[in-house]
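# A look at the structure
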Amino acid sequence: MSKCEQCIVRQLSAIKALGKEELLRMADCKTSSTVRKGENLFEEGDHIDGIFCIKDGACKLTKLSANGNSQIVKLAKKGELLGQRSVISGEPANLSAVALEDMEVCFIPSKDITAFLDQNPQFSRSMMQTLSKDLKDADNILVGMAQKTAKQRLAEVLLNLEKTFGTDADGYISLQLSREEMAGMIGTVLESCIRLLSEFKNERLVALEGKKIRICDKAGLERRAYQ
């Protein structure tokens, strides 16, 4: 079993606020597992009795709309925590989490997280700051859906993907999404997403190779996103 106090990813979340003794207790109570690409960590409506810490990999958080379409609300990466809202509120999961690639995750039960929240004010504050950021991001997505065109949203998503996940040795965005997933992120149909990507390619803003995307003209893409 890996030791939480030696885990690098703890520095990327609220867990960094825990002391050495608390991290030793967490190592004793947590369980680790592998989640394969396409598998669910949890589904909307599930009762999550703890939080997940992403040790490696990435997943998408989705919300099912009234018409049955799945909207990608957020992409979560290495170091992030999932399920904290449900633990704090005691409510079922509001989103589904699906692995975009093979993941390594640790699960910490609710009773242990609650104890840390009660005993460590800095950990509680860090957790609240994370939840506040999630709410702010959700507000920005809502405004973007209402006020921006699909082309603007796609340009912004591509820029954020490169910023968040980086690029490979050939300059392509490291996290590869299907065209359906891209369409789900910008709230449009598959055909429109494919057409917009082709337009960006023709304008030499991006290069496409299968599912891989490379940003060729960041300044031009920024103009599409924010003007």
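Residues numbered from 1 in each chain as written. Predicted model: local features only at pLDDT ≥ 70, side-chain atom pairs only at ≥ 80, totals over all residues. Heavy atoms only, no water.

### Topic: the sheet that holds strand E3 (residues 50–56)
Within a beta sheet, neighbouring strands are joined by backbone hydrogen bonds and run either parallel or antiparallel to one another. Which entries qualify depends on this criterion: Two strands are counted as paired when DSSP detects at least two bridges linking them. Here a strand is any run of E in DSSP of at least two residues, a helix any run of H or I of at least four, and the numbering for each starts at the N terminus. What makes two residues a contact is simply this: any of their non-hydrogen atoms within 4.5 Å. To obtain each axis, a line is fitted to C-alpha atoms, and for helices this fit is confined to the stretch in contact; angles are then taken between N-to-C directions over 0 to 180 degrees.
One open sheet holds the four strands; their spatial order is E1-E8-E3-E6, and the pairing between them is antiparallel. Since the sheet does not close on itself, it has two edges, and those belong to strand E1 (31–35) and strand E6 (81–82), each with one partner. Across two bridges, the pairing between E3 and E6 is antiparallel. Looking across to E6, one finds that Phe52 is bridged to Leu82. Contacting E3 and strand E8 (103–109), helix H3 (residues 110–119) runs over the sheet at an angle of about 70° to E8.

### Considering the confidence of the model for the chain
For clarity, the cut-off: What pLDDT reports is the predictor's confidence in each residue, on a scale of 0 through 100.
The pLDDT averaged across the chain works out to 88; a share of 95% of its residues lies at or above 70. Mean pLDDT in the chain bottoms out at helix H4 (residues 121–147), which sits at 81, and peaks at strand E10 (residues 212–215), which reaches 96.

### Observations regarding the pairing of strand E9 (residues 206–209)
The pairing of E9 with E10 spans four bridges and is classified as antiparallel. Paired with Leu208 across the strands is Ile213, a residue of E10. A loop of two residues connects E9 with E10, the two strands running antiparallel in sequence, and Gly210 in this loop sits at a positive phi of about 65°.

### Digging into helix H1 (residues 20–29)
Quick reminder of the rule: For every residue, the accessible area (1.4 Å probe, protein chains only) is compared with the maximum for its type, and the residue is labelled buried under 20%, exposed over 50%, or partly exposed between those bounds.
Looking only at H1, the buried set comprises Glu22, Leu23, Met26, Ala27 and Cys29. In this fold, the buried residues of H1 make contact with E1, E8 and H3.

### Considerations on unusual backbone geometry
Although it is not a glycine, Arg204 adopts a positive phi angle of roughly 60°. As for its placement among the helices and strands, Arg204 is situated in the loop between helix H7 (190–202) and E9.

### Focus: the UniProt feature "domain: HTH crp-type" (unreviewed entry) in the chain
Stated precisely, the cut-off is as follows: UniProt positions are given in the numbering used here, feature names are shortened, and annotations may be inferred rather than shown by experiment.
UniProt marks residues 148–219 with the feature "domain: HTH crp-type" (unreviewed entry), using the numbering shown here. Overall, residues 148–219 shows 54% helix and 11% strand. The separation of its end C-alpha atoms is 18 Å.

### Considerations on the nonpolar core
A general trend in soluble globular proteins is that nonpolar side chains are found buried together. As a reminder, the rule being used: In this description, a nonpolar core means a group of buried Ala, Val, Leu, Ile, Met, Phe, Trp, Tyr and Cys residues linked to one another through side-chain atoms lying within 4.5 Å.
Of all hydrophobic cores here, the largest spans 28 residues; its most connected members are Leu75, Leu158, Leu161 and Met182. Sorting elements by how many residues they give to this core places helix H5 (residues 150–165) first, with seven residues. Among residues more than four places away in sequence, those in contact with Met182 are Leu154, Val157, Leu158, Leu161, Leu177, Cys193 and Ile213.

### Quick look at helix H6 (residues 179–186)
Summarising burial for H6: seven of the eight residues are buried, a large majority. All of the buried residues along H6 are Arg179, Glu181, Met182, Ala183, Gly184, Met185 and Ile186. Following H6 by one or two positions, Gly187 adopts a phi angle in the positive range, close to 70°.

### Let's talk about the packing of H5 against H7
Heads up, the condition is: Reported orientations rely on four angle classes, namely roughly parallel under 35 degrees, roughly antiparallel over 145, roughly perpendicular from 65 to 115, and oblique for the rest. Note on convention: near helix rotated counterclockwise from far helix by under a right angle means a left-handed crossing. Clockwise means right-handed. Any residue that is not Ala, Val, Leu, Ile, Met, Phe, Trp, Tyr, Cys, Pro, Asp, Glu, Lys or Arg is counted as polar, Gly included; the first ten are nonpolar and the last four charged.
Where H5 contacts H7, the axes come no closer than 10 Å and their chain directions differ by 70°. One finds that H5 runs roughly perpendicular with respect to H7. Considering how the two elements wind past one another, H5 and H7 form a crossing that is right-handed. Of the residues in H7, those touching H5 at Ala150, Lys151, Leu154, Ala155 and Leu158 are Cys193, Leu196, Leu197, Glu199 and Phe200. Residue composition of the contact of H5 with H7, grouped by class: eight nonpolar, no polar and two charged.

### Side note on the sheet that holds strand E7 (residues 96–99)
The strand order E2-E7-E4-E5 describes an open sheet built from four strands, whose pairing is antiparallel. Unpaired on one side and paired on the other, strand E2 (40–42) and strand E5 (70–76) mark the two borders of the sheet. Recorded for the sheet is a direction-independent mean angle of 30° between the axes of neighbouring strands. Lying on the sheet, H6 is in contact with strand E4 (59–64) and E5; it crosses E5 at an angle near 95°.

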